[in-house]
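Next come the chains, spelled out residue by residue.
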Amino acid sequence: MPGWRHIILLILSIGVAGLAAAAPAGTVVVAQGVDPTTLDPMNHQETPAGVLARNVFDTLLERDDQLVVRPALAAEMPKLVAPTTWEFKLRSGVRFHNGEPMDAEAVKFSLERLVDPKLKLRGSPPFSPIDRVEIVDAMTVRVHTKAPWPILDTLVSTGQSAILPPKYYREKDAVVLARNPVGSGPFKFVRWVKDDRIELEANEQYWRGAPRVAKLVFRPIPDDAVRVAALQNGEIDLAVNIPPHLATVIANHPKLFLSTAPSVRTIQLLYYTHQYDAQHKLVGPYPGPTADRRVRLAMNYAVDVDDIIRTVLDGKATRVATMLTDKHFGFDPSIKPIKPDPARVKQLLTEAGFPGGLEITLNSPQGRYIRDKEVAEALAGQLTKAGIRTTLRTHEWVHYFGTLGYNHRAAPVWLIGWGTSTYDAEAVYVPLFRSGRFLSNYYNADFEGLIEQAQSTMDARKRAELYQRINRIWVEDAAAMPLYQQQDLYGANRRIQWKARGDELIKGYEMAVRDTR
């Protein structure tokens, strides 16, 4: 009997030790380049807010670390039960941080909130084909679309389709919701000190099991040098957007490591060809030189992007011909990047009525993308040298995107990076170039018609053909100036276990700490 008692005690002691080892431990501090504009997961189209939200909220589907779409709050992959109807079976036993159950009512509330025209949520445009959500039973919903829509399954893996606790989000006003998020994800929101830090703590009742990290802190540090210095000094554990010329320094540092991934993000200049009002309704052609296709083409021929990649980005980027990478559905390898052509620039400007050149303003963020200010400075210099005298204005991110970008006030030319984990052309062309969208300053009737067809075509071959035609219209009309595919560079302290993802998400659930602080 004493022997059995000893064995039982040993088993219990091992079990308690195992539980203790599994408990969340340590703090990880992440430095992004900028603070989010909001913590409402549906009211933005920006990665810094999305990165934060993916630690607090769950979606029906998600991409794993290999970027394959998998079930999350959905118990299995959805079924297309009719051309305009997708059925989702939900995972049972999941609760939100405030105790509300995650069920069919929560899914219906969340997706219908996202597309509610009265709310005008900034994350809504890609989801506009959603018509309504039907509750089949407590753990089954059917999402009805206005027409056949081929990418609903991939779009509900993105952060804007976060599933929310309905009672909490019905009762609170927009100001409270923008600063006090409640989800079902692996971390709970603690507090947001604007422009200083956002603090999260582990959700120990998370349906997948508790995170290994106890506290996750996000800090905005716009200046590259300051961000790198904070990493070297041990003030932070993970830094985004390591300047390419400092990548080797990080890689060779005894206490740090460099983690890289080819980004889903491309960097480009967007043109104002048309003006939209505050309700995103088309007013008419933009009253400035970029309304003229010849001016836009001249600008595209005036820059040497390869030189910028070599000199500003230390070779750590890939030239692109459109805003699609080779991983995007709709990518056309036959379209090649434009090469600099000074003679063509002069000819186009003369034809457009500017034989002596012209003056423009280029707007850019600072601290959001890898060396964004330096890239913008190089572009402004090249354009000026070609006779397009360019004044550069750089902006703090919240003002740039929240005040200018979302309100059609970044005219006439603005630098933006765009990356979407759907890896589909629709998620690039619709939010940025379709009429009536929050960020669109472009209009082309032929483009509109083809995009509308592509959005409702379920046949993959026909969709690909449509996007080949769309790509060519976009290039020939100089809808934007495509620059390069970013290579994401992260610096991290060796005290943490973590690996960069191609979709730019920084998931605390995928982290662990080797020691605590």
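Residues numbered from 1 in each chain as written. Predicted model: local features only at pLDDT ≥ 70, side-chain atom pairs only at ≥ 80, totals over all residues. Heavy atoms only, no water.

Attention shifts here to the overall build of the protein chain. Counting its regular elements, the protein chain contains 16 helices and 21 strands. In terms of C-alpha radius of gyration, the protein chain reaches 24 Å, essentially the compact-globule figure of 24 Å for 517 residues. For the protein chain, the proportion of its 517 residues judged to be buried stands at 58%. Considering only residue pairs separated by 6 or more positions, the protein chain has 70% of its internal contacts joining residues 24 or more positions apart. On the protein chain, roughly 20,800 Å² of surface is accessible, and the fraction owed to carbon and sulfur atoms is 52%. Between the centroid of the 64 positive side chains of the protein chain and the centroid of its 58 negative side chains there is a distance of 1 Å. (Helix = DSSP H or I, 4+ residues; strand = E, 2+ residues; numbered from the N terminus. Rg over C-alpha atoms; globule rule 2.2 N^0.38 Å. Buried < 20%, exposed > 50% of the residue type's maximum accessible area, 1.4 Å probe, protein only. Contact = heavy atoms within 4.5 Å. Areas by Shrake-Rupley, 256 points an atom, 1.4 Å probe, with all protein chains shown as cover. Lys, Arg positive; Asp, Glu negative; His and termini not counted. Charge placed at Lys NZ, Arg CZ, Asp CG, Glu CD.)

Right, let's get into the packing of aromatic side chains. Tallied over the full model, the rule gives 18 aromatic pairs. Ring centres 6.1 Å apart and planes at 45° place the aromatic pair Trp397 and Tyr400 in the tilted group. Within this pair, Trp397 and its partner Tyr400 are both found in helix H13 (residues 397–404), separated by three residues, close to a single helical turn. Accessibility assignment for this pair places Trp397 and Tyr400 in one class, buried. Judged by centre distance (6.4 Å) and plane angle (75°), the rings of Phe433 and Phe447 are edge-to-face. Here Phe447 lies in helix H15 (residues 445–455) and Phe433 lies in helix H14 (residues 426–433), a separation of 14 residues in the sequence. (Phe/Tyr/Trp six-rings, centres within 6.5 Å; stacked < 30°, edge-to-face > 60°.)

The sheet built from four strands is open, its strands ordered E4-E5-E7-E6 with antiparallel pairing. The open sheet is flanked by strand E4 (79–82) and strand E6 (130–137), the only strands paired with a single partner. Pairwise comparison of adjacent strand axes, ignoring direction, gives a mean angle of 30° for this sheet. In this structure, E4 lies alongside strand E5 (residues 85–89), joined through three bridges in antiparallel fashion. For Lys79, the partnering residue across the bridge sits in E5 and is Glu87. Where helix H3 (residues 104–114) meets the sheet, its contacts fall on E6 and strand E7 (140–145), and the angle it forms with E6 comes to roughly 175°. (Pairing = 2+ DSSP bridges. Axes fitted to C-alpha atoms, helices over the stretch in contact; angles between N-to-C directions.)

All right, on to the environment of Ala49 then. When you line up the elements, Ala49 lands in helix H2 (residues 47–56). Exposure remark for Ala49: the relative accessible area of 2% places this residue in the buried category. C-alpha separation for the pair Ala49 and Ile496, spaced 447 residues apart in sequence, amounts to 23 Å. Once you skip the residues sitting within four places of it in the chain, Ala49 turns out to touch Pro36, Thr38 and His44.

Looking at the protein chain as a whole, the pLDDT averages 93, with 95% of positions reaching at least 70. Long-range and interchain partners of residues 1–21, a stretch whose pLDDT sits below 50, account for zero contacts in this model, where long-range means more than four residues apart. (pLDDT = per-residue confidence, 0-100.)

Turning our attention to unusual backbone geometry. Of note, the amide linkage connecting Ala411 to Pro412 takes the cis form, showing an omega dihedral of -5°. Structurally, the position occupied by Pro412 is in the loop between H13 and strand E18 (413–418). One non-glycine residue, Leu67, lies in positive phi territory at about 70°. Tracing the backbone through its elements, the reader meets Leu67 in the loop between strand E2 (61–63) and strand E3 (69–71). Judged by its relative accessible area of 18%, Leu67 is buried.

This next bit is on the side chain of Thr154. The residue Thr154 is located in helix H4 (residues 152–155) in this model. If near-sequence neighbours (up to four positions away) are discounted, Thr154 is found in contact with Arg63, Val69 and Thr422.

Looking now at the pairing of strand E17 (residues 388–395). Where strand E16 (residues 358–365) meets E17, eight bridges bridge the pair, whose relative direction is parallel. Bridged to Thr361 within E17 is Thr391. Read from E16 through helix H12 (residues 372–385) to E17, the crossover connection turns out right-handed. (Right-handed = clockwise from strand over helix to strand, strands pointing away.)

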